[in-house]
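Topology and contacts: notes
Each chain, written out:
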Amino acid sequence: MAIENNQLVSINYELKIEGEIVDSNIDKEPLEFTYGSGQIIPGLESRIADMNVNDTKEINVPAQEAYGEYNPEAKQLVPKEQFGDLELQIGMPLQGQGEGGQPIQVVVTNILDNEVEVDFNHPLAGKNLDFSITIQAIK
């Protein structure tokens with residue numbers, strides 16, 4: 001029986017990128033989400049539709065169906081004074097506000113004399129994601 005929209009699905013997963021484990025909830029509480037509501041990446045959601053409780057599956061999600069392709073134009077120079085006394089480091093994640101007031105995460109990619117370059121791409125943009133999924137419950 002296929003998973004249907006608005007059902008509560010619980011999964012355990014392991015996420016690998018280029019063979020390296022980057023996230024996992026194995027031996028932890030399952031991830032719960034409402035199927036069809038956009039709470040997980042589209043490429044993963046579409047690939048679990050035919051699964052049942054206790055099914056396990058290896059799933060590859062291409063970048064364009066996960067966090068999108070990396071956009072080199074999604075970088076911006078921001079005046080250094082906007083960061084106050086914060087000790088900035090390259091690779092440091094920061095949270096800011098988008099145009100609509102929603103929280104967005106950026107990463108510091110360069111620190112210049114008077115400006116800081118930040119990258120608005122999701123940290124997993126441009127990456128193909130390899131999941132090992134086990135369906136724990138469907139309600």
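Residues numbered from 1 in each chain as written. Predicted model: local features only at pLDDT ≥ 70, side-chain atom pairs only at ≥ 80, totals over all residues. Heavy atoms only, no water.

Note on sheets: strands pair through backbone hydrogen bonds, and any given pair is parallel or antiparallel. The sheet built from four strands is open, its strands ordered S5-S8-S7-S6 with antiparallel pairing. Both outer strands of the open sheet, strand S5 (75–79) and strand S6 (93–97), are each paired with one neighbouring strand and no more. In this sheet, adjacent strand axes meet at a mean angle of 45 degrees when their direction is disregarded. Where S5 meets strand S8 (residues 115–119), five bridges bridge the pair, whose relative direction is antiparallel. Bridged to Leu 77 within S8 is Glu 117. (Pairing = 2+ DSSP bridges. Helix = DSSP H or I, 4+ residues; strand = E, 2+ residues; numbered from the N terminus. Axes fitted to C-alpha atoms, helices over the stretch in contact; angles between N-to-C directions.)

Here the focus is the layout of surface pockets. Where empty space is left can be seen by rolling a probe of water-molecule size over the atoms. Looking at the largest pocket, its volume works out to about 260 Å³. Contributing to the lining of the largest pocket are 14 residues, with Tyr 13, Leu 15, Asp 23, Tyr 67 and Phe 131 lying nearest its centre. Elements supplying a minimum of two residues to the lining of the largest pocket: strand S1 (8–17), strand S2 (20–24) and strand S9 (129–138). At three residues, S1 tops the list of elements feeding residues into the lining of the largest pocket. There is about 180 Å³ of room inside the second largest pocket. In terms of lining, the second largest pocket is formed by Gln 76, Val 78, Gln 82, Phe 83, Leu 94, Gln 95, Gly 96, Gln 97, Ile 104, Val 106, Val 118 and Phe 120. Where the lining of the second largest pocket is concerned, the elements lending two or more residues are S5, S6 and strand S7 (103–111). Of all the elements, S6 adds the most residues to the lining of the second largest pocket, at four residues. Classifying every residue of the lining of the second largest pocket by side-chain character gives seven nonpolar, five polar and no charged. (1 Å grid on protein atoms, 1.4 Å probe; cavity = no way out; pocket = protein on both sides within 12 Å on 5 of 7 lines; lining within 4 Å. Points joined across faces, edges and corners; volume = space filled by probe spheres on them. Nonpolar A, V, L, I, M, F, W, Y, C, P; charged D, E, K, R; others polar.)

Just distances and angles here, no functional claims.
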